[in-house]
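Summary of structural features
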Amino acid sequence: MTEIAASDFRHAQRHIRLDTILRLRWLAVLGQLAAIFIVAQGLEFNVEIIPCVSIIALSAALNLALQTAANPMQRLEPMQAAGLLALNIVELAGLLFFTGGLQNPFSFLFLAPVLISATALPARFTFGLGLLAVACASLLFFFHFPLPWDSDDPLVLPPVYLVGVWLSIALAIGVTSLYSFQVTEEARKLADALAATELVLTREQHLTQLDGLAAAAAHELGTPLATIFLISRELEKTVKDPSFAADLKTLREQTQRCRDILSKITQLSSTGAPFDRMKMSELIEEVVAPHRDFGVEIKVRIAVAAAAEPVGSRNPAILYGIGNIVENAVDFARTTVEVNAWWNKDTIELVISDDGPGIPPDILNRIGEPYLSRRRTQDDGGGGRRGLGLGVFIARTLLERTGAKVSFTNRTFPEHGAVVQITWPRQRFEAIETHEETIG
């Protein structure tokens, strides 16, 4: 089975484009100017216009400087992106300081930079930005200018209400950011695992296409070899020198040998080749054979059925998927792995079981998710083997693409071990093509 290196699918360092942050900052500048204009001119409330506009102007100047000095399309390092998001929090705190502190309904905008960090930056930066936002909100609870309001009917909010606002901001930052981080992390894992699945399938497809490439090469080499054979035979008839004649005979015989080899290769063309389609029992044996010499007995049982044995394409997705599950069973089995097959005119069923410890209950319902692994380590005699948790996910994904239904259970007590059941609709299994059905 094809192996995937751990380094190939570890999460890459996360980056945000400078252009993304600049767009958000320009949006904030326009929104802040609009809010001040509406409050001061539309509602005719007293606003500290000069300090507020100064803060907004400094923010706009920084945006212009960044756009001029750096390529907006460049990807920022996490520390740089976190610094710009922290600056957004500080700028918002400055504006809120002059416009009522936590009494200002826009105080909930503290959440925005932290959410951006949760979806794009490592957790430590999100945690730091969250602490900064909560610290700014705490300072604004005690220190701020009055909220712009009608001087004839001043708004006085009770302290307990402001405590509730502070608490709601802190909880919103914590809970919403954590939720966003988890959702984004799961999406990244799934995307990486699907990429690994496609890579595995591509590699397996290359293996199945080698016979076609060999046939094409044999066809191209046939003509020059035939020419060499004919010339060497004619020269052998005309040359009288015994030493040259012997060399020419050897050349003719070796050329004929090459032609015979190429003739056999052309019989394995990718269309209608002898091994393009195989019986279910042959497929199982091909998958099981590489795992027989690892000290674990593999028992294959084919149930006697009234229906004829199903014959399907030599599909790389099926070969890899079943092979990966058998490999896992051999890894975890103590002494025996059983592979049982059964079919009728409508259904094909394959059950792979082992006598190992079984699937832990806490991950039984999550088995098949990417990056979920409990391989044995050096401490429990596993020789230090540790998987990415991609193997079962890839196997399940590839098998389900071929129309199979895959389920994972444990043996019924007092027996122990994992059981994997793979079921195909027979019509779908026998109609699977080696490439189009799998990818599509």
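Just above sits the structure.
These lines cover the structure that appears in this document, whether it is placed above or below. (Residues numbered from 1 in each chain as written. Predicted model: local features only at pLDDT ≥ 70, side-chain atom pairs only at ≥ 80, totals over all residues. Heavy atoms only, no water.)

**Section: the packing of aromatic side chains**
Summed over the entire model, instances satisfying the criterion amount to seven aromatic pairs. Ring geometry for F142 versus F143: centroids 6.4 Å apart, planes at 55°, classification tilted. Here F142 falls in the exposed class, since its relative accessible area comes to 61%. One aromatic cluster in this structure is built from F97, F98 and F145. (Phe/Tyr/Trp six-rings, centres within 6.5 Å; stacked < 30°, edge-to-face > 60°. Buried < 20%, exposed > 50% of the residue type's maximum accessible area, 1.4 Å probe, protein only.)

**Some remarks on the layout of surface pockets**
If you add up the space inside the second largest pocket, you get close to 790 Å³. Contributions of two or more residues to the lining of the second largest pocket are made by α1 (18–42), α2 (49–69), α3 (78–97) and α4 (111–120). It is α1 that provides the largest number of residues to the lining of the second largest pocket, a total of ten residues. Across the lining of the second largest pocket, the residue classes tally to 23 nonpolar, six polar and two charged. (1 Å grid on protein atoms, 1.4 Å probe; cavity = no way out; pocket = protein on both sides within 12 Å on 5 of 7 lines; lining within 4 Å. Points joined across faces, edges and corners; volume = space filled by probe spheres on them. Helix = DSSP H or I, 4+ residues; strand = E, 2+ residues; numbered from the N terminus. Nonpolar A, V, L, I, M, F, W, Y, C, P; charged D, E, K, R; others polar.)

**Topic: the sheet that holds strand β8 (residues 405–410)**
The strand order across the open sheet built from five strands is β4-β6-β7-β9-β8, with neighbouring strands paired in mixed fashion. The outermost strands of the open sheet, each flanked by one partner alone, are β4 (297–302) and β8. Taking each pair of neighbouring strands and ignoring which way they run, the sheet shows an average axis angle of 15°. Pairing analysis gives six bridges linking β8 to strand β9 (residues 418–425), with the strands arranged antiparallel. (Pairing = 2+ DSSP bridges. Axes fitted to C-alpha atoms, helices over the stretch in contact; angles between N-to-C directions.)

Bear in mind that shape data such as this cannot, by itself, settle questions of function.
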